[in-house]
Number of protein chains: 2
Amino acid sequence: MKKFINGTDQVEDQMIQGMVKAYPQYLRKLDSGNVVVRANKKEGKVALISGGGSGHEPAHGGYVGEGMLDAAVAGAVFTSPTPDQVYEGIKAIATDAGVLMVIKNYTGDVMNFEMAGEMAEADGIKVKQVVVNDDVAVKDSLYTVGRRGVAGTVFVHKIAGAKAETGASLDEVQAVAQKVIDNVRTMGAAIRPCTVPAAGKPGFELAEDEMEIGIGIHGEPGTYRDKIKTADEITTLLMDKILADIDYTGSEVAVMVNGSGATPLMELFIINNKVADILAEKGIKVYKTLVGEYMTSIEMEGFSISVLRLDDELKTLLDAKADTPAFKA
Amino acid sequence: MKKFINGTDQVEDQMIQGMVKAYPQYLRKLDSGNVVVRANKKEGKVALISGGGSGHEPAHGGYVGEGMLDAAVAGAVFTSPTPDQVYEGIKAIATDAGVLMVIKNYTGDVMNFEMAGEMAEADGIKVKQVVVNDDVAVKDSLYTVGRRGVAGTVFVHKIAGAKAETGASLDEVQAVAQKVIDNVRTMGAAIRPCTVPAAGKPGFELAEDEMEIGIGIHGEPGTYRDKIKTADEITTLLMDKILADIDYTGSEVAVMVNGSGATPLMELFIINNKVADILAEKGIKVYKTLVGEYMTSIEMEGFSISVLRLDDELKTLLDAKADTPAFKA
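Calculation criteria
Residues numbered from 1 in each chain as written. Chains lettered and ligands numbered in written order. Predicted model: local features only at pLDDT ≥ 70, side-chain atom pairs only at ≥ 80, totals over all residues. Heavy atoms only, no water. Helix = DSSP H or I, 4+ residues; strand = E, 2+ residues; numbered from the N terminus. Contact = heavy atoms within 4.5 Å. Areas by Shrake-Rupley, 256 points an atom, 1.4 Å probe, with all protein chains shown as cover. Lys, Arg positive; Asp, Glu negative; His and termini not counted. Charge placed at Lys NZ, Arg CZ, Asp CG, Glu CD. Axes fitted to C-alpha atoms, helices over the stretch in contact; angles between N-to-C directions. Parallel < 35°, antiparallel > 145°, perpendicular 65-115°, else oblique. Nonpolar A, V, L, I, M, F, W, Y, C, P; charged D, E, K, R; others polar. Least-squares fit on C-alpha atoms with pLDDT ≥ 70 in both. Salt bridge = Lys/Arg side-chain N within 4 Å of Asp/Glu carboxyl O. Polar contact = N/O pair within 3.5 Å; in protein donor to acceptor, adjacent residues only side chain to side chain. Buried < 20%, exposed > 50% of the residue type's maximum accessible area, 1.4 Å probe, protein only. Pairing = 2+ DSSP bridges. Right-handed = clockwise from strand over helix to strand, strands pointing away. Phe/Tyr/Trp six-rings, centres within 6.5 Å; stacked < 30°, edge-to-face > 60°.

This brings us to the overall build of chain A. In terms of regular secondary structure, chain A is built from 8 helices and 12 strands. Considering only contacts in chain A between residues 6 or more positions apart, those separated by 24 or more positions represent 74%. Carbon and sulfur atoms form 49% of the exposed surface of chain A, whose accessible area is close to 10900 Å². Distance between charge centres in chain A, computed from 34 positive and 47 negative side chains, equals 2 Å.

As structure tokens, this is what we get:
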């Protein structure tokens, strides 16, 4: 295993410390563990908390700031945060307006966030939640009942975070978060695996001529494995599955072409070239495109495409000001 | 070679097309080739042009927009753009205030930009230039006489671009660009090579226990090769060399921890954790830190650290508004 680390047992702590030292104007780390909250707590609005295992950077700490999250909880690499961690995060950010938990659909995440939510409610904090399940690749998977929550989660952070800044109620913020979830679909592929530092070896193996279609953000198995195809062919495969799942006809959409960690931006742009052509052919209008690393899988070489169907409310909230380490609008 | 591409002869064209399709609100591609300019030309200010070989994305097209560049020229991967390309870019963006060329110090880049500048001057366009040479790793290298121009170039784009937006003269914009160059130093390291698509195999080889210290952004040889060390040790090696080159004592600085393409953000934060500690120990105050992929080397697994000594003018210009695909402030 070849990585820029100091010791496998220091990865998460030193990463969070390095993130907070880079962005003290945005982030503060709680004394109780790897939970980052806004450097300046904002009262009078619904507070948003998200998180999950580490290894998906800039998710989720990179999205803490004005217009997005109030707290991000970082578990060990590819491991759900504990209920205590999430509970500490909720307590740190709670306002009278309440707290919305944005949970990616993994069994451990859902269980631990829900437990934390119950602990906070016992303290008198209003807590609601949404569960993101945007991945159309597989119905159930290694760590999940139902569809997995992947890069589309970043759209939930952005849009629900913007809604919260308007002073909307907890019910309203939850409703718009759910609207994003109902309208976003994602699918990914990979050609090289990633190595969890504590494991010391890749989570799966792919031959030099193989790709995995429908891969999860932890390298968990996808839809199928095949000989590698061209970027245009792979993109078409993923887009066919995404576009079959929602009727985007006549809609305006936001697109995210997300790199898994080791995919050059050059290749993500080549992929977007085909995504844009496919959408144009189908008369689906692209309102905004994001190309970059938004929800990674350590150094997996892969990508995902997310397509979000927009209405006027979602467009306004997508464009609203965001000022966080990893997302500015 | 395993990449998300369609054909090795289509990489640059499809990348630029995919970039422009992602960001039509920012970018327009010239008909004459792989040159991107601002979607909306701004008159009455000095126009900035930069560029170089492709493979460094988001550099340079990602920095075209308000507060940074007016044009970016993309040569073939790791290959200088032609004088004609640069000349077309200059003509497209030229204003009465003149054009500043921001050139990274590689022999081919300098020669071809200078030739283009002369062609434009023959047309009556005012053209000046700066040459960025921030890499302290080696004095001369495979492609360069003198120090190489690397990630510190992004600080030149940001600060000179902000100065140009104020309506400053060409001499003033050139002067502040040169001030950045005089005050920024960079050094990098890598643990895995990258593959130029047209070459089909890695540009160099490193054993599973080896690293290259002082590597260039095209994978060209660095200062030396050694057994891999911890992130803290490698960071200390690079910082020692950077801090020995300028007396940063008592200064405020901006820091950039730049990923080479395949280095997980997790590891860049671990590196920044040590960078911040080293600067704090020496009493050098960090004004702003950037951690991410700013000047990549396709999918090389490596990073560089840049340290820029700031004064009040540079701080103001660093903080000024920038609105580009890859850099917002």
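Here we take up the packing of helix α5 (residues 170-183) of chain B against helix α8 (residues 312-319) of chain B. Residue and element names in this part refer to chain B. Two elements in contact, α5 and α8, have axes separated by 11 Å at closest approach and are oriented at 100°. Classed by the angle they form, the pair α5 and α8 counts as roughly perpendicular. Here α5 contributes Val176, Lys179 and Val180 to the contact with α8, which in turn contributes Glu313, Leu314 and Leu317. A breakdown of the residues in the contact of α5 with α8 according to their chemical character gives 4 nonpolar, no polar and 2 charged.

The two copies are related by a screw operation: chain B maps onto chain A through 180° of rotation and 0.0 Å of translation along the axis, at an RMSD of 0.0 Å. Such a combination of turn and shift is consistent with a two-fold rotation axis. In terms of C-alpha distance to the rotation axis, chain B has alanine 262 of chain B as its closest residue, with the C-alpha 1.8 Å off the axis. A shared binding surface is used by both copies, with 100% of the interface residues of chain B retained as interface residues in chain A.

Residue-level contacts link 58 residues of chain B with 58 residues of chain A. Scanning the region where chain B abuts chain A turns up 4 salt bridges. A salt bridge links lysine 3 of chain B to glutamate 267 of chain A; the shortest N-O distance between them is 3.9 Å. Summed over the shared surface of chain B and chain A, the result is 24 residue pairs in polar contact (both at pLDDT 80 or more). Residue assignment for the side of chain B that touches chain A shows that the elements contributing at least two residues are α1 (11-22), β7 (184-192), α6 (231-245), α7 (265-281), β11 (285-292) and β12 (301-310) of chain B. With 10 residues, the single largest contributor to the side of chain B that touches chain A is α7 of chain B. For the side of chain B that touches chain A, a count of residues per class yields 30 nonpolar, 13 polar and 15 charged.

Let us now look at the pairing of strand β5 (residues 99-104) of chain A. Residue and element names in this part refer to chain A. With 6 of 6 residues buried, β5 is to be regarded as a mostly interior element. By the alternation rule, side chains of β5 split into Val99, Met101 and Ile103 and Leu100, Val102 and Lys104, which are all buried. Pairing of β5 with strand β6 (residues 127-132), which is carried by 6 bridges, proceeds in the parallel orientation. Across the sheet, lysine 104 pairs through a bridge with valine 132, a residue of β6. Between the parallel elements β5 and β6, the chain passes through helix α3 (residues 107-122) in a crossover that is right-handed.

Here a ring pair, both rings aromatic, is described through the centre-centre distance and the interplanar angle of the planes. Across all of its chains, the model carries 8 aromatic pairs over all chains by this definition. Between tyrosine 294 of chain A and phenylalanine 327 of chain A the ring centres are 6.2 Å apart and the planes differ by 55°, which places this aromatic pair in the tilted class. With tyrosine 294 of chain A in the loop between β11 (285-292) and β12 (301-310) and phenylalanine 327 of chain A in the segment after α8 (312-319), this pair connects stretches of sequence that are 33 residues apart. Among the residues examined, tyrosine 294 of chain A registers a relative accessible area of 11% and is labelled buried. Among the aromatic residues, those joined into a ring-pair cluster are Tyr23 and Tyr26 of chain A together with Phe269 of chain B.

Residues and elements named next belong to chain A. On the basis of which strands lie adjacent, the open sheet formed by 6 strands has the order β9-β8-β7-β12-β10-β11 and mixed pairing. The sheet is open, and its two edges are formed by β9 (224-227) and β11, each paired on a single side. Within this sheet the neighbouring strands show an average axis-to-axis angle of 20°, counted without direction. Running at roughly 125° to strand β10 (residues 252-259), helix α4 (residues 153-165) makes contact with β7 (184-192), β10, β11 and β12 of the sheet. Packed on one face of the sheet, helix α5 (residues 170-183) meets β7 and β12 and runs near 55° to β7.

Another aspect to go through is helix α2 (residues 83-93) of chain A. Buried within α2 of chain A are the following residues: Pro83, Gln85, Val86, Tyr87, Gly89, Ile90 and Ile93 of chain A. Contact partners of the buried residues in α2 of chain A: β2 (35-38), β3 (47-54), β4 (71-77), β5, α3 and β6 of chain A.

Cis rather than trans, the peptide bond between glutamate 57 of chain A and proline 58 of chain A has omega equal to 15°. Examined against the element boundaries, proline 58 of chain A turns out to sit in the loop between β3 and β4. Within the chain, phenylalanine 78 of chain B stands out as a residue other than glycine whose phi angle is a positive 55°. Tracing the chain through its elements places phenylalanine 78 of chain B in the loop between β4 (71-77) and α2 (83-93). On the basis of relative accessibility, which here comes to 18%, the residue phenylalanine 78 of chain B falls in the buried class. Even without being a glycine, isoleucine 298 of chain B presents a positive backbone phi close to 50°.

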